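Here is what each chain is made of, one letter per residue.
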Amino acid sequence: MKIKKVLFVCKYNAFRSRVAEEYFNRVNRNESIKAASRGIIMGANSDYVQRRISRYLLGINIAKRKPLPLTVQDMKGADMIVVTANDVPKTVFDYRFPSLQKRLIIWKIKDEQAMNEKNIRNIVLKIKRKVNALSKNWRKQNDTRNRARKRI
């Protein structure tokens, strides 16, 4: 069975896309679906407030690895690309691979770099809701496909 890949992208791959990746991989029950995350610009890692709140609210560690850059191979290998950020230009995905548009979801979540705990908490909870909805939707689609295959 082919492993499906969800790619979460944000500006730096330090906070928003990392929260989405780690949380998705934590709650996802389908072993054939894996999540990864990347950033369009390489910058600093997440700050201690972002790490603490992510661990407290979701039980995840977003500092397991350094931020990673988005590559063409990442985009080509993804079955779904979720842009978690409001500050990633859509043209990053437009210019070379029009086929990506069918696999692209944009969440437009604002960043927080001032260590404002209330804002960080809201961002983490928003990502949690969106990942839960994405995971539920994907499960429904797979269940529908599996039922259709059994009928054949």
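Before any of the text, the structure's been laid out above.
Here's a quick rundown of the structure. Every chain is numbered independently, its residues counted from 1 as its sequence is written. Only residues with pLDDT of at least 70 are given local features in this predicted model, and only at 80 or more are side-chain atom pairs given and counted; all residues enter the totals for whole chains, interfaces and linings. To obtain the side-chain values, all non-hydrogen atoms of the structure were used and water was disregarded.

**With respect to the packing of aromatic side chains**
Rules: The criterion for an aromatic pair is that two Phe, Tyr or Trp rings (for Trp, the six-membered ring) have centres within 6.5 Å, with stacked assigned to planes under 30 degrees apart, edge-to-face to planes over 60 apart and tilted to the rest. Only DSSP runs of H or I with at least four residues qualify as helices, and only runs of E with at least two residues qualify as strands; both kinds are numbered from the N terminus onward. Buried means the residue's accessible area, taken with a 1.4 Å probe over protein chains only, is under 20% of the maximum for its type, while exposed means over 50%, and partly exposed covers the values in between.
On inspection of all chains with the given rule, the structure shows two aromatic pairs. Ring plane angle 50 degrees and centroid distance 6.0 Å describe the contact between phenylalanine 8 and tryptophan 107, whose orientation is recorded as tilted. Of this pair, phenylalanine 8 sits in strand 1 (residues 4-10) while tryptophan 107 is found in strand 4 (residues 104-109), placing the two residues 99 residues apart along the sequence. Like phenylalanine 8, the residue tryptophan 107 is buried in the burial classification. Grouped by ring-pair contacts, the aromatic residues Phe8, Phe24 and Trp107 constitute a single cluster.

**Some thoughts on the sheet that holds strand 3 (residues 80-85)**
Note the cut-off: DSSP-based pairing: two strands are paired if at least 2 bridges between them are found. Structural elements are reduced to axes, namely lines fitted to C-alpha atoms, with helices fitted over the stretch in contact, and the angle between N-to-C directions of any two is expressed from 0 to 180 degrees.
If you trace the four strands from one edge of the open sheet to the other, you get 2-1-3-4, paired in parallel fashion. Edge positions in the sheet fall to strand 2 (33-39) and strand 4, since each of these pairs with one other strand and no more. Strand-to-strand twist of the sheet, defined as the mean angle between neighbouring strand axes without regard to direction, takes the value 20 degrees. The sheet contact formed by strand 1 and strand 2 spans seven bridges and is parallel. For phenylalanine 8, the partnering residue across the bridge sits in strand 2 and is serine 37.

**What about the pairing of strand 2?**
Filter applied, for reference: Handedness of a crossover: with both strands directed away from the viewer, a clockwise path from the first strand across the helix to the second marks it as right-handed.
The element strand 2 is largely enclosed, with a buried count of six among its seven residues. Regarding topology, helix 1 (residues 16-27) serves as the crossover connection from strand 1 to the parallel strand 2, and that connection is right-handed.

**Overview of the pattern of salt bridges**
What counts is decided by this rule: Here, a salt bridge means any side-chain nitrogen of Lys or Arg that lies within 4 Å of a carboxyl oxygen of Asp or Glu.
Tallied over the entire structure, the rule returns eight salt bridges. One salt bridge connects arginine 16 with aspartate 87, and the closest N-O pair in it is separated by 3.0 Å. Of the two residues, arginine 16 sits in helix 1 while aspartate 87 sits in the loop between strand 3 and helix 4 (91-94), which places them 71 residues apart along the sequence. With relative accessibility at 1%, the residue arginine 16 sits in the buried group. Classification of aspartate 87 as partly exposed rests on a relative accessible area of 24%. Through salt bridges with shared partners, a single network forms among Arg18, Glu21, Glu22, Lys64 and Arg65.

**Focus: helix 1**
For clarity, the threshold we go by: Here, expected helix span is obtained from the residue count minus one, scaled by 1.5 Å.
Along its twelve residues, helix 1 runs 17 Å from first to last C-alpha, staying within 8% of the 16 Å computed at 1.5 Å per residue. For helix 1, the set of buried residues is Arg16, Ser17, Arg18, Val19, Ala20, Glu21, Glu22, Tyr23, Phe24 and Val27.

**Some details on the environment of arginine 26**
Relative to the helices and strands, arginine 26 is located in helix 1. Along the primary structure arginine 26 and leucine 58 are separated by 32 residues, whereas in three dimensions their C-alpha atoms are 9.1 Å apart.

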